[in-house]
Amino acid sequence: MNKTIVFKCGGSVIKEISDDFFANLKQLKNDGWKFAIVHGGGPEITSMLNKLKINTEFVKGQRKTTKQVLEVAEMILSGKMNKFFVSRLTSHGLKAVGLSGTDGGLLKAEYLDKKVYGEVGSIKAVDTNVLHGLMDVGFIPVIAPLALTESCQTLNVNADLAASAVASELNANKLMYVTDVSGIINNGKLESELTPADIKELISSEVITGGMIPKVESAMSALSERVKEVMIVNGKGSFLANDTFTGTKIIKEKEHVL
Ligand SMILES: Nc1ncnc2c1ncn2[C@@H]1O[C@H](COP(=O)(O)OP(=O)(O)OP(=O)(O)O)[C@@H](O)[C@H]1O
Ligand SMILES: [Mg+2]
């Protein structure tokens, strides 16, 4: 059986990912799971842009990317953050290889809407050959969310959406969004299970805001394709206890208990 999990590790949490999280990964690996990891880098990109005195703004949770912002985003994502995460995995005994979505034909994109977002891509195709090649020999591919257009222009891609596209193309059993909160919080309480209808309601009532919007939207698009289960979990602690995952599970519909 194909046992694959795609993790998206948020830039919000990447520096604070706990030893428990890596222990969970090792347990899953020993249980026969293969992984691919897509990572973000939002706060690090913002901090470098601030140092360089380059303005940055967000539209619907996605960073508006000028050519100058793209240059910094690529440097931070496929340089600093990618290498940082690969070395964390390696130091926990997990074999990892860093890649950009622009490597090996992995992520192909078109402009999302150049006038609104600038150099931001919407993924059009994922070529998983390079991922299978690495996973089949026991490596964890660690992917920076950048993509190439047909004419080989590099574009910045929202990491949540990149992870969702990779998970669909890999036919992953699970897609896990690892972030800095325990899941979706409503009225101070963690939601354990939500359907797309629940999520739409929580967006319109502004319970779900900011960076959580692209996350749940990409969760829903992954679910409607081939991925069986999507979860939002906290990277600051353990997400796995006795084979049960802790966080918010996003499911197609609630089971009716008669
Ligand atoms: N209802 C909600 N429940 C929980 N968090 C929410 C909710 N609505 C908005 N958020 C925000 O979403 C944030 C997580 O998304 P964010 O985009 O900041 O992180 P990330 O995707 O993990 O990191 P990055 O975007 O850098 O890769 C939380 O820290 C929280 O502030
Ligand atoms: Mg985010």
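Residues numbered from 1 in each chain as written. Chains lettered and ligands numbered in written order. Predicted model: local features only at pLDDT ≥ 70, side-chain atom pairs only at ≥ 80, totals over all residues. Heavy atoms only, no water.

The protein chain goes by Acetylglutamate kinase in an unreviewed UniProt entry, where it is assigned to Bacillus gobiensis. Recorded in UniProt under Catalytic activity (unreviewed entry), the annotation for the protein chain is "N-acetyl-L-glutamate + ATP = N-acetyl-L-glutamyl 5-phosphate + ADP". Note on the protein chain: under the UniProt heading Pathway (unreviewed entry), the record states "Amino-acid biosynthesis; L-arginine biosynthesis; N(2)-acetyl-L-ornithine from L-glutamate: step 2/4." (UniProt positions renumbered as here; feature names shortened; annotations may be inferred.)

Enquirer: Which parts of the structure should I look at to understand the nonpolar core?
Expert: Here is a general trend for soluble globular proteins: nonpolar side chains tend to be buried in one another's company. Core analysis: the biggest nonpolar cluster contains 42 residues, and Val6, Leu175 and Val230 have the highest contact counts within it. Setting aside its immediate chain neighbours within four residues, Val6 contacts Ala36, Ala163, Val166, Ala167, Leu170, Ala172, Lys174, Leu175 and Met176. Counting 39 residues, the second largest nonpolar core, distinct from the first, contains Phe85, Val86, Ala96 and Val233. (Core = buried A, V, L, I, M, F, W, Y, C linked by side-chain atoms within 4.5 Å. Buried < 20%, exposed > 50% of the residue type's maximum accessible area, 1.4 Å probe, protein only. Contact = heavy atoms within 4.5 Å.)

Enquirer: It is not clear to me how the packing of aromatic side chains should be interpreted in this structure. Could you clarify?
Expert: The description of an aromatic ring pair uses the distance of the two centres, along with the angle that the planes make with each other. The tally for this structure, following the rule as stated, stands at 7 aromatic pairs. With a centroid separation of 5.5 Å and an interplanar angle of 70 degrees, the aromatic rings of Phe7 and Phe35 are classed as edge-to-face. With Phe7 in strand β1 (residues 4-9) and Phe35 in strand β2 (residues 34-39), this residue pair connects regions lying 28 residues apart in the sequence. Both residues of the pair, Phe7 and Phe35, belong to the buried class. With centroids separated by 5.8 Å and ring planes inclined at 20 degrees, the aromatic side chains of Phe239 and Phe245 adopt a geometry described as stacked. As far as the burial class goes, Phe239 and Phe245 line up, both buried. Put simply, the rings of Phe7, Phe21, Phe22, Phe35, Phe85, Phe239 and Phe245 pair up and form one aromatic cluster. The ring of Phe84 is capped by Lys15, whose NZ or CZ atom sits 5.6 Å from the centre of that ring. One residue, Lys95, lies across the ring of Phe139, its end atom 4.6 Å from the ring centre. (Phe/Tyr/Trp six-rings, centres within 6.5 Å; stacked < 30°, edge-to-face > 60°. Helix = DSSP H or I, 4+ residues; strand = E, 2+ residues; numbered from the N terminus. Lys NZ or Arg CZ within 6 Å of the ring centre and 35° of its normal.)

Enquirer: Looking at this structure, how should I read the UniProt feature "site: Transition state stabilizer" (unreviewed entry) in the protein chain?
Expert: The sites that carry the UniProt feature "site: Transition state stabilizer" (unreviewed entry) are, in the present numbering, Lys8 and Lys215. The greatest C-alpha distance among the residues just named is 9.8 Å, despite their covering 208 residues of sequence, which places them together in space. Mapping Lys8 onto the fold places it in strand β1. In this view, Lys8 contacts Val38, Gly40, Ala159, Asp160, Ala163, Met176, Tyr177, Val178 and Lys215; residues no more than four positions away in its chain are not counted. Within the secondary structure layout, Lys215 lies in helix α8 (residues 212-224). Overall, the relative accessible area of 6% leaves Lys215 in the buried class. Leave out the neighbours within four places in its chain, and Lys215 touches Lys8, Asp160, Tyr177, Thr179 and Ile232. Polar side-chain contacts of Lys215 include one of 3.3 Å to the side chain of Asp160. (Polar contact = N/O pair within 3.5 Å; in protein donor to acceptor, adjacent residues only side chain to side chain.)

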